[in-house]
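# Inside the fold
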Amino acid sequence: MEFQTHLSEIIDTYGSGRLDETRLLLTSLRPTEIASLLESTPPKVRRVLWGLLDEEQENLVMQYLRDDVLAEFLEAMDPQQIVAAADNLDTDDFADILQQLPVTVSESVLAALNASDRARVEAVLSYPEDTAGGLMNTDTITVRPRHAVEIVLRYLRLRKDLPNTTDALIVVNTQEEYVGMLPLAKLITSDPSVTVREIMNADIEAIDVNTSDAEVARIFSEQDLISAPVVNADGLLLGRITIDDVVDVIIEDADEAVMSRAGLDMEEDTFAPILKTARSRAVWLTINLLTAFLAAAVINIFEDTISKVVALAVLMPIVASMGGIAGTQTLTLVIRGIALGQIGRANLGYLLNREFLVSVLNGLLLASLVATAAAIAFQDYALGAVIAAAMLINLMIAAISGSLLPSILTAMRIDPALAGGVVLTTITDVTGFFVFLGLATWVYA
């Protein structure tokens, strides 16, 4: 509710030309709130609002903008302006910004950084953004196992500040190999004379730099972590991942799951220009159109049967719709299980059997209800039997398809969350129409 109030106030002051008032309103908001406001306004308005921000505000807001909106602003900035943002951003967030730029511009920005900053950013950029390496920060505080607590505390006082979301120090040996974690709570409550080795936690495992972001999120969730070290294959410490980055991954995955079901790009701007939006949606609309033609072609095969028994045209959508819904339930369950790491080759067979039996039970129940209703409505018991058999068969096919499609699509390197729904709908529609009309042709021939 508060966000909508801010949005209304901003739109009102902007629309009436009171830009000084608009600037004051923006100044009173947090960077995250400003980012949300910019994403909630049309491109023309957001460019004016962005121009009302000072350089410090721009640098802070950048890290919270969605990629499409961020790219829109970055295109108008020179390399020095982008370099200035590095001082206010975590290394991984700045690396994300660079990835939105054309190669020539990002190279100019990197060249303008000082040697140490450039090395840190390039270290993150060398890994895919959906891996632990792409998520990690390089701003770590490390200590040696032999150091006394008193020395560590003195060192921290000399630093005066700590990196954001620091809940523990990372313990490494002289070869910079990860050894363990030293929680700050343990550090400040221990005797100053004891060594780090005596109080550190050596049971916390480091995350391999090539681990997928989904697996990183699962590890953080299962172990209730706030931060975790990242190492390479040799066990050398490369950086750390913090909970704020993991929360971003979880939100992005949730967004992707919702958007992909409709064939939309996760980064699609809500207020993107008409032509850009139309072009991005046309691909999946075309694919759906082709699947609709396929279903129509199956129906056309049985044109004579439909002309003889008009009731078939009334009942056809029921068979296809029930199969689609049942299949979607199974598909969603399996995709979620795979995302959570709960489903693999070892237990996929059990899940397939379970979903098949569930479809049989539900099929028998629903088929009997539909058969009774159809027989009474059309005074045709044969028609009731046909739709009952077709519905039962389609529900079973839907369960099998929903169970196996995610694994098949994954093996083909196709995102099941994106393509699974379209493929499943095609299968259940074509199967439903073919079985229902085929049985009707056989019965009424």
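Predicted model only: the values in this text are computed from it and were never measured.

Bringing the overall build of the protein into the picture now. The secondary structure content of the protein amounts to 22 helices and six strands. Within the protein, buried positions represent 42% of all 445 residues. The long-range share in the protein, meaning contacts at least 24 apart out of those at least 6 apart in sequence, stands at 65%. Accessible area of the protein: about 23400 Å², with a carbon and sulfur share of 59%. Averaging the positions of the 28 positive and the 59 negative side-chain charges in the protein gives two centres separated by 2 Å.

A word on the packing of helix 19 (residues 311–339) against helix 22 (residues 416–444). The interhelical angle for the contact between helix 19 and helix 22, taken along N-to-C directions, is 145°, at an axis separation of 8 Å. The handedness of the crossing between helix 19 and helix 22 is right-handed. Contacts between helix 19 and helix 22 pair Leu-312, Leu-315, Met-316, Val-319, Ala-320, Gly-323, Gly-324, Gly-327, Thr-328, Leu-331 and Ile-335 from the former with Pro-416, Ala-417, Gly-420, Gly-421, Leu-424, Thr-428, Asp-429, Gly-432, Phe-433, Phe-436, Leu-437 and Ala-440 from the latter. Across the contact of helix 19 with helix 22, the residue classes break down as 14 nonpolar, eight polar and one charged.

Let us now look at a nonpolar patch on the surface. On the surface, Ile-226, Ile-243, Val-247 and Ile-251 cluster together to form a nonpolar patch covering roughly 290 Å² of accessible area. A relative accessible area of 31% places Ile-243 in the partly exposed class.

Quick look at the packing of aromatic side chains now. Under the definition given, this model contains one aromatic pair. Each ring, one from Phe-302 and one from Phe-434, has its centre 5.8 Å from the other, and the planes form 70°; the classification is edge-to-face. Of this pair, Phe-302 sits in the loop between helix 17 (274–301) and helix 18 (303–308) while Phe-434 sits in helix 22, and the two are 132 residues apart along the sequence. Looking at Phe-302, the relative accessible area reads 10%, which means it is buried. Judged by its relative accessible area of 47%, Phe-434 falls in the partly exposed class.

Reading across from one edge, 1-2-3 is the order of the three strands in this open sheet, with mixed pairing throughout. The two strands at the open ends of the sheet, each matched to only one other strand, are strand 1 (142–143) and strand 3 (178–183). In this sheet, strand 2 (residues 168–172) lies alongside strand 1 in parallel orientation, the contact comprising two bridges. Residue pairing in the sheet places Thr-142 in a bridge with Ile-170 of strand 2.

The next point concerns the pairing of strand 3. Relative to strand 3, strand 2 runs antiparallel, the two being bridged by five bridges. Note on strand 3: the bridge partner recorded for Leu-169 is Leu-182. Two successive antiparallel strands, strand 2 and strand 3, enclose a turn made up of five residues, where Glu-176 displays a positive phi of approximately 65°.

This part is about the pattern of salt bridges. Using the criterion set out here, one finds seven salt bridges in the structure. Residues participating in the shared-partner salt-bridge network are Glu-215, Arg-218 and Glu-222.

Now for the nonpolar core. Counting 32 residues, the largest nonpolar core has Trp-50, Leu-65 and Phe-94 as its most contacted members. Counting residues per element, the ones that place at least two in this core are helix 3 (31–39), helix 4 (43–51), helix 5 (55–62), helix 6 (67–74), helix 7 (79–85), helix 8 (91–98) and helix 9 (103–112). Those residues in contact with Trp-50 that sit more than four places away from it in its chain are Leu-38, Glu-58, Val-61, Met-62, Leu-65, Phe-73 and Met-77. Ala-295, Met-316, Val-435 and Phe-436 belong to the second-largest nonpolar core, a separate cluster that totals 25 residues.

Time to look at a negative patch on the surface. The grouping of Glu-129, Asp-130, Asp-244, Asp-248, Glu-252 and Asp-253 at the surface amounts to a negative patch. Topologically, Glu-252 is positioned in helix 16 (residues 243–261).

Pairing in this open sheet of three strands is mixed, and the strands run 4-5-6 from one edge to the other. Each end of this open sheet is capped by a strand with a single partner; those strands are strand 4 (207–208) and strand 6 (237–242).

Turning to the environment of Arg-120, a few remarks are in order. Along the chain, the position of Arg-120 falls in helix 10 (residues 115–125). Judged by its relative accessible area of 33%, Arg-120 falls in the partly exposed class. In this structure, the C-alpha to C-alpha distance between Arg-120 and Ala-95, residues 25 residues apart in sequence, is 9.4 Å. Other than its neighbours up to four places away in sequence, Arg-120 contacts Thr-91 and Thr-138.

Moving on: unusual backbone geometry. One non-glycine residue, Asp-224, adopts positive backbone phi at about 50°. With respect to the helices and strands, the residue Asp-224 is situated in the loop between helix 15 (213–223) and strand 5 (227–231). With relative accessibility at 68%, the residue Asp-224 sits in the exposed group. Although it is not a glycine, Gln-379 adopts a positive phi angle of roughly 55°.

Another aspect to go through is the confidence of the model for the protein. Of all residues in the protein, 92% have pLDDT values of 70 or greater, and the mean over the chain is 84. Summarising per-element confidence for the protein, the mean pLDDT is lowest in helix 1 (residues 2–15) (68) and highest in strand 4 (94).

Calculation rules
- Residues numbered from 1 in each chain as written.
- Predicted model: local features only at pLDDT ≥ 70, side-chain atom pairs only at ≥ 80, totals over all residues.
- Heavy atoms only, no water.
- Helix = DSSP H or I, 4+ residues; strand = E, 2+ residues; numbered from the N terminus.
- Buried < 20%, exposed > 50% of the residue type's maximum accessible area, 1.4 Å probe, protein only.
- Contact = heavy atoms within 4.5 Å.
- Areas by Shrake-Rupley, 256 points an atom, 1.4 Å probe, with all protein chains shown as cover.
- Lys, Arg positive; Asp, Glu negative; His and termini not counted.
- Charge placed at Lys NZ, Arg CZ, Asp CG, Glu CD.
- Axes fitted to C-alpha atoms, helices over the stretch in contact; angles between N-to-C directions.
- Left-handed = near helix turned anticlockwise from the far one by under 90°.
- Nonpolar A, V, L, I, M, F, W, Y, C, P; charged D, E, K, R; others polar.
- Patch = residues over 30% accessible without salt bridge, like charges linked within 9 Å, V, L, I, M, F, W, Y side chains within 5 Å.
- Salt bridge = Lys/Arg side-chain N within 4 Å of Asp/Glu carboxyl O.
- Phe/Tyr/Trp six-rings, centres within 6.5 Å; stacked < 30°, edge-to-face > 60°.
- Pairing = 2+ DSSP bridges.
- Core = buried A, V, L, I, M, F, W, Y, C linked by side-chain atoms within 4.5 Å.
- pLDDT = per-residue confidence, 0-100.

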